[in-house]
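Report on the structure
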Amino acid sequence: MKSLLAATTLALATSDAGAQDLGATLPASIAQVAPALAAYGQSAVIGTLWADATLSPRDRALVTFAALMTRHEADTIGSHAELALDAGVTPAELSETITHLAFYTGWGNAIMATEALAPIYASRGVASTDLPGAEVDLLPLNADAEAAREANVQGNFGTVSPGVVDATREVLFHDLWLRPDLAPRDRSLVTVAALIAAGQPEQMTFHLHRAMDNGLTKDEAGGVLQHLAFYAGWPRVFSALPVARSVFEARGL
Amino acid sequence: MKSLLAATTLALATSDAGAQDLGATLPASIAQVAPALAAYGQSAVIGTLWADATLSPRDRALVTFAALMTRHEADTIGSHAELALDAGVTPAELSETITHLAFYTGWGNAIMATEALAPIYASRGVASTDLPGAEVDLLPLNADAEAAREANVQGNFGTVSPGVVDATREVLFHDLWLRPDLAPRDRSLVTVAALIAAGQPEQMTFHLHRAMDNGLTKDEAGGVLQHLAFYAGWPRVFSALPVARSVFEARGL
Amino acid sequence: MKSLLAATTLALATSDAGAQDLGATLPASIAQVAPALAAYGQSAVIGTLWADATLSPRDRALVTFAALMTRHEADTIGSHAELALDAGVTPAELSETITHLAFYTGWGNAIMATEALAPIYASRGVASTDLPGAEVDLLPLNADAEAAREANVQGNFGTVSPGVVDATREVLFHDLWLRPDLAPRDRSLVTVAALIAAGQPEQMTFHLHRAMDNGLTKDEAGGVLQHLAFYAGWPRVFSALPVARSVFEARGL
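Not measured: the values here are computed from a predicted model. (Residues numbered from 1 in each chain as written. Chains lettered and ligands numbered in written order. Predicted model: local features only at pLDDT ≥ 70, side-chain atom pairs only at ≥ 80, totals over all residues. Heavy atoms only, no water.)

Thoughts on the overall build of chain A
Our working definition: Each helix corresponds to a stretch of at least 4 residues labelled H or I by DSSP, and each strand to a stretch of at least 2 residues labelled E; elements are numbered beginning at the N terminus. Residues count as neighbours in contact if any of their non-hydrogen atoms are within 4.5 Å of one another.
Secondary structure summary: chain A contains 13 helices and 0 strands in total. Shown N-terminal to C-terminal, the secondary structure of chain A runs as helices and strands in the order α-α-α-α-α-α-α-α-α-α-α-α-α. Each of the three principal axes of chain A carries a C-alpha extent, and together these read 55 × 45 × 30 Å. The long-range fraction of contacts in chain A, counting pairs at least 24 apart against all pairs at least 6 apart in sequence, stands at 75%.

Structure (structure tokens):
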């Protein structure tokens, strides 16, 4: 295990200074209270899961961060944010991930995340002026896809909650999704990860299709499911697997 | 945005002294780590959502409190409790909301909430003797509705878990729901909000019908959905929208 | 209530020294902020629920611990762990429960639990060397049941996420479930409790059948549902009741 661990740690580190390794996400209490779990952590999680090339360490770190934020895991999101930054997720991307998931997992999760990230950004010298603000040049809208989405939502729920329908269009699809500092593929990646972690497979069909339209491969999607089995628990993933299968089949994969 | 924010803050404040404004629910870390999110907070949340007359600020504060308690968001429930109290929710109503949601979202959420509220009540001079205790004059039972509910639950689950069936009748419907210090309409409001926030649309049909029997309007229900999109995340609301549509249709709305 | 409480506390205490009673799980803030809830705590929870012989106090404590870990309730899991240890759950069983639920509810919940347990084990003189590690003699595999499970999962999801399918077999069913220091019946008990608490009735059919194959009775399963109504909230249990009914019917119970 030792060499695999070292290799993984190396792959995750983008610089010598301040490099956090995966071991830092596992506190000493695990070995003290649950020695078997500590062993699984070394073998199944660090040695096997993170070393699996199906998904890059950078994507794994981003998916883990999305899951922890969705689950409001304030106690460990900081060390995983450090891991993500060391694995190549930029401060701007992490900032946009938090903003994105504020809408997809609830405002309070974003506040929890910014509270955890503030001292980390400060210690790394990342200032708010380095991060994307409200005024950015939006990516072009895919007018056809958006027209289909709007027609569907308007037709189904236009008279149920006009406020939701309007905010979905104006705030999410004509604005948030078009912000340039997190690639559409990564926005989709964290959205799908959040839906799996939240136990909402019923909302996954639209977003997994969109993720694959945005460049996520079938193998990567399968890797996301494997990764989240550990971080969101097996049952969440087993409820998501049938949806993934249906989406793959619908795409002839 | 500035004037809208000021107007909203004014509407929420019931007294000059100690008035908490919405801005107090947004910590400085948001602007530091996610400047775009801070801007959304001012424009989409404070300037638009809370200013929308579909739902009163008092109802918005109560719905937000219910969502945060359901989600065990200990970090921000205190500032939102202050907001609710300033928006006209009485200490007795908040106390009853916690008691009610102990049963509808789990005992531990209530403990989290009382831990957060104790210093706030103390600083506002609210003593336990000011709050409703076990001995109160219960509201009259709607015998027909209760007989139908009991027959349904007894028939479906009487031999599966007699303990659940008995406690549902004795503790919830012959006692908790009849306590006078939170209006039935408000009990239903926080129950529906909790079900949406918990991701349990499958339990919403009964309670949304009951909420509307208790006086919640279709527009208000649509406003609750819009409000929770921000505080519980878009996917929770999109899973609840079809249930709301079915209930509205069943009532000819 | 007083005498019932005393009797329950007595039943839970396995030794005079360090015995935690149920009252210790209810902080003073409850009576301060929600006096009615404090009264329900004495009557409905301590006086009635925990005193109900359908489920032993030891099983109730284990089920409660599983629910709190699943719900990431860091604030009260410590006092409930003390309660479980006093009710006869061994440190090794609690350690294995945490390890088991790391996989069934997500890694971060296990870290939260080990952080809470470390000082408790230290104060009780439980060292890591007293606890089961990675190297243990596994229980024999039920080859027929495992072949059926593997064929089902492989057939359904083998090409969707080979990584999940492989880890499910190697880490979970050929290893974790066979570890000897938590009885299969108890592994099933905490798994079913976790699925109910997490709001995943759709994953419960397999595990409730397995629990009953492992010795859980229908009455005990009904008692688990009643118990979790209080600790995970009524709606979680009402979504699980139809699944329990189907499983009971399929077994001719």
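Moving on from the model shown.
A look at the side chain of T76 of chain B
Checked against the element boundaries, T76 of chain B lands in helix α5 (residues 74-86). What T76 of chain B contacts, discounting residues up to four positions off in sequence, is I111 of chain A together with L68 of chain B.

Focus on the confidence of the model for chain A
All names here are of chain A. For clarity, the cut-off: The pLDDT value expresses, per residue, how confident the predictor is, ranging between 0 and 100.
Across chain A, pLDDT averages 93, with 92% of residues at or above 70. Scored below 50 in pLDDT, residues 1-11 makes 13 contacts in the model with residues more than four places away or belonging to other chains. Considering only residues more than four positions removed or in separate chains, one finds that residues 13-20, a stretch of pLDDT under 50, has 13 contacts. For this predicted complex, the interface score ipTM comes out at 0.93, alongside a pTM of 0.94.

Description of the pattern of salt bridges
All names here are of chain B. Just so we agree on the cut-off: Salt bridges, as used here, are contacts in which a Lys or Arg side-chain nitrogen is within 4 Å of a carboxyl oxygen on Asp or Glu. Each residue's exposure class comes from its accessible area (1.4 Å probe, protein chains only) as a fraction of the maximum for that residue type: buried when under 20%, exposed when over 50%, partly exposed otherwise.
A full pass over the atoms with the stated rule returns 51 salt bridges over all chains. Note that E73 is salt-bridged to R71, the shortest N-O span being 2.7 Å. Take E73: its relative accessible area is 0%, and that puts it in the buried class. The shortest N-O distance in the salt bridge between E170 and R169 comes to 2.9 Å.

Quick notes on unusual backbone geometry
Look at H72 of chain A: it is not a glycine, yet its phi comes out positive at around 55°. Tracing the backbone shows H72 of chain A in the loop between α4 (57-70) and α5 (74-86).

Notes on the packing of aromatic side chains
The geometry of an aromatic ring pair comes down to the distance between the two centres and the angle between the two planes. Let me state the cut-off plainly: Aromatic rings from Phe, Tyr and Trp, with only the six-membered ring used for Trp, were paired whenever their centres fell within 6.5 Å, and each pair was classed as stacked if the ring planes differed by under 30 degrees, edge-to-face if by over 60, and tilted otherwise.
Summed over the entire model, instances satisfying the criterion amount to 30 aromatic pairs over all chains. Taking the centre distance of 5.1 Å and the plane angle of 85° together, the rings of F103 of chain B and Y40 of chain C count as edge-to-face. Of this pair, F103 of chain B sits in helix α6 (residues 91-105) while Y40 of chain C sits in helix α3 (residues 35-49), placing the two residues on different chains. Neither F103 of chain B nor Y40 of chain C differs from the other in exposure class; each is buried. Here the aromatic rings of Y104 of chain C and W177 of chain C are separated by 6.0 Å at their centres, their planes lie at 85°, and the arrangement is edge-to-face. With Y104 of chain C in helix α6 (residues 91-105) and W177 of chain C in the loop between α9 (162-173) and α10 (184-197), this pair connects stretches of sequence that are 73 residues apart. On the basis of relative accessibility, which here comes to 7%, the residue Y104 of chain C falls in the buried class.

What to know about the interface of chain A and chain C
To be explicit about the condition: Summed over both partners, buried area is the accessible surface (1.4 Å probe) that two parts give up on being assembled.
Taken together, the contacts link 42 residues of chain A with 47 residues of chain C. Taken together, the two surfaces of chain A and chain C that pack against each other cover about 3600 Å², and 67% of this comes from carbon and sulfur. For the chain A face of the interface with chain C, the top three residues by lost area are V33, Y40 and W234 of chain A, together amounting to 20%. Applying the counting rule to chain A against chain C returns 0 salt bridges.

Overview of the interface of chain A and chain B
Condition: Each polar contact in these results corresponds to two N or O atoms within 3.5 Å; when the atoms are within protein, one needs to be able to donate a hydrogen and the other to accept it, and residues that are neighboring in sequence are counted only if both atoms are side-chain atoms. Nonpolar residues are Ala, Val, Leu, Ile, Met, Phe, Trp, Tyr, Cys and Pro. Charged residues are Asp, Glu, Lys and Arg, and all others, Gly as well, are polar.
At the interface, 47 residues of chain A touch 42 residues of chain B. Surface buried jointly by chain A and chain B totals about 3600 Å² across both partners, of which 67% is contributed by carbon and sulfur atoms. In terms of surface lost to chain B, no three residues of chain A exceed W107, F157 and V160 of chain A, which account for 20% of the buried area on that side. Summed over the shared surface of chain A and chain B, the number is 0 salt bridges. Seen at the junction of chain A and chain B, the total is 19 residue pairs in polar contact (both at pLDDT 80 or more). At 12 residues, the largest contribution of residues to the side of chain A that touches chain B is made by helix α7 (residues 107-123) of chain A. Across the side of chain A that touches chain B, the residue classes break down as 25 nonpolar, 17 polar and 5 charged.

What to know about helix α8 (residues 143-157) of chain C
Here is the rule: A helix is expected to reach a length of 1.5 Å times the quantity of its residues less one.
The end-to-end C-alpha distance of α8 of chain C, which contains 15 residues, comes to 21 Å, matching closely the 21 Å that a straight helix rising 1.5 Å per residue would cover. Each element contacted by the buried residues of α8 of chain C is listed here: α13 (234-250) of chain A together with α9 and α11 (204-213) of chain C.

Quick look at the relation of the copies chain A and chain C
Quick note on the threshold: C-alpha atoms of residues with pLDDT of at least 70 in both copies form the basis for the least-squares superposition of the copies.
Mapping chain A onto chain C calls for a rotation angle of 120° and an axial translation of 0.0 Å; the resulting RMSD is 0.0 Å. Both copies are brought into coincidence by an operation consistent with a three-fold rotation axis. The two copies present different faces, since only 2% of the interface residues in chain A are matched by interface residues at the equivalent positions in chain C.

Some words on the relation of the copies chain A and chain B
Put simply, the second copy of the chain is the first one after a rotation about an axis and a shift along it. For the pair chain A and chain B, the superposition axis carries a translation of 0.0 Å, the fit reaches an RMSD of 0.0 Å, and the rotation angle comes to 120°. Looking at chain A, a mere 2% of its interface residues are interface residues in chain B too, so the copies touch through different faces.

As for the nonpolar core
The criterion, for reference: In plain words, nonpolar cores are sets of buried Ala, Val, Leu, Ile, Met, Phe, Trp, Tyr and Cys residues tied together by side-chain atoms within 4.5 Å.
Ranked by size, the top nonpolar core spans 258 residues in total, and within it F103 of chain A, F103 of chain B together with F103 of chain C carry the most contacts. Dropping the residues within four chain positions of it, F103 of chain A is found in contact with V171, L172 and L176 of chain A together with L37, Y40, A229, F230, G233, W234 and P235 of chain B.

Section: helix α8 (residues 143-157) of chain B
Working note: α-helix, 3.6 residues per turn, so residues spaced by three or four point in the same direction. Residues and elements named next belong to chain B. Selection rule: Throughout, the arc means that of the directions going from the helix axis to the C-beta atoms.
Burial in α8 covers these residues: E146, R149, E150, V153 and F157. Looking straight down α8, one finds that the buried residues subtend no more than 95° of arc, so they occupy a single side. With respect to the buried face of α8, the exposed residues turned more than 90 degrees away are D144 and G155.

Some thoughts on the packing of helix α9 (residues 162-173) of chain A against helix α13 (residues 234-250) of chain B
Defined as follows: Note on method: axes are straight lines fitted to C-alpha atoms, helices fitted across the in-contact stretch only, with angles between N-to-C directions ranging 0 to 180 degrees. In this scheme, a crossing is called left-handed if the near helix is turned counterclockwise away from the far one by less than a right angle; it is called right-handed if the turn is clockwise.
Relative orientation of the contacting elements α9 of chain A and α13 of chain B amounts to 145°, with a least axis distance of 12 Å. With respect to the hand of their crossing, α9 of chain A and α13 of chain B are arranged in left-handed fashion. Each of V164, A167, T168 and L172 of chain A in α9 of chain A lies in contact with α13 of chain B, whose residues at this interface are W234, V237, F238 and L241 of chain B.

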